[in-house]
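# Report on the structure
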Amino acid sequence: MKTHHVAGVAAIAFGSLTLISGGSALFGAVDMGAVVPFVLWFNFLAGCAYVIGGLLLIIGHRLALPVALTILIATATVFAVFGWRVFAGDAFEMRTVGAMTLRTFFWAAMVWVAMKARGRKSRL
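Here the structure is a predicted model, which means the values were calculated and not measured.

Rules behind the numbers
Residue indices follow the written sequence of each chain, beginning from 1 at its first position. It should be noted that, the model being predicted, local features are given only for residues of pLDDT at least 70 and side-chain atom pairs only at 80 or more, the latter also being counted only at that level, while totals for whole chains, interfaces and linings use all residues. In computing side-chain properties, one takes all heavy atoms of the structure into account and sets aside hydrogens as well as water. Grid points spaced at 1 Å over the protein atoms alone were grouped into cavities, where a 1.4 Å probe fits but cannot get out, and pockets, open sets with protein on both sides within 12 Å along at least five of seven lines, with lining residues defined by an atom within 4 Å of a point. Grid points are joined across faces, edges and corners, and a volume is the space filled by probe spheres set on the points. Only DSSP runs of H or I reaching four residues or more are called helices, and only runs of E reaching two or more are called strands; each is numbered from the N terminus. We call Asp, Glu, Lys and Arg charged. Ala, Val, Leu, Ile, Met, Phe, Trp, Tyr, Cys and Pro are nonpolar, and the rest, Gly among them, are polar. Take the buried Ala, Val, Leu, Ile, Met, Phe, Trp, Tyr and Cys residues and link them wherever side-chain atoms come within 4.5 Å; each set so joined is a nonpolar core. Only protein chains enter the accessibility calculation, which uses a 1.4 Å probe; a residue whose area is less than 20% of its type maximum is buried, one above 50% is exposed, and one in between is partly exposed. Any two residues having at least one pair of non-hydrogen atoms within 4.5 Å are treated as being in contact. Polar contacts, as counted here, are pairs of nitrogen or oxygen atoms within 3.5 Å of one another; within protein the pair requires one atom able to donate a hydrogen and one able to accept it, and residues that are adjacent in sequence qualify only if both atoms are side-chain atoms.

### Here we look at the layout of surface pockets
There is about 330 Å³ of room inside the largest pocket. If you go around the largest pocket, you meet 16 residues; those closest to its centre are Met32, Leu40, Asn43, Ala99 and Arg103. Those elements that place two or more of their residues in the lining of the largest pocket are helix H1 (3-26), helix H2 (37-59) and helix H4 (94-123). Here the lining of the largest pocket gets five residues from one element, more than from any other, and that element is H1. Residues that form the lining of the largest pocket fall into these classes: eight nonpolar, five polar and three charged.

### Considerations on the nonpolar core
Within the largest apolar cluster, 24 residues are counted, with the highest numbers of intra-cluster contacts made by Val39, Tyr50, Leu57, Phe106, Trp107 and Met110. Secondary structure elements with two or more residues in this core: H1, H2, helix H3 (64-87) and H4. Residues within four places of Trp107 in sequence aside, it is in contact with Ala11, Phe14, Tyr50, Ala68, Ile71 and Leu72.

### Brief notes about the side chain of Thr104
Residue position: Thr104 is located in helix H4. Look at Thr104 and you get buried, because its relative accessible area is 17%. One polar contact links the side chain of Thr104 to the main-chain carbonyl oxygen of Met100, over a distance of 2.8 Å. When residues no more than four places from it in sequence are discounted, the contact partners of Thr104 are Leu72, Thr75, Ala76 and Phe79.

Shape descriptors only; they carry no functional weight alone.
Spelled out as structure tokens, the structure:
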């Protein structure tokens, strides 16, 4: 199995788990403590993009890289705004810092995999 296939499956799994956990928090099934609403909504909606990005990686589609890069930039932007809000004194959960760090690094890795997959295709 090629690296971009494994990465795509991981992205789909991550997206599915994101939709489940975000949906549970948003729609009241689980109390998540001091959630930051815009981060929670972003992550929930991004879960759909994760699944799409994962599918594009699996099939080696030319849009896999731009989608992964868009997800990375959007995630890093939301993380930065979250950091600004924390610095301003808003309540937050430490697990949000960890989750956003994980998401940012995960999508940086997906961008790298998509770049490598695109590079291999152009040499064929």
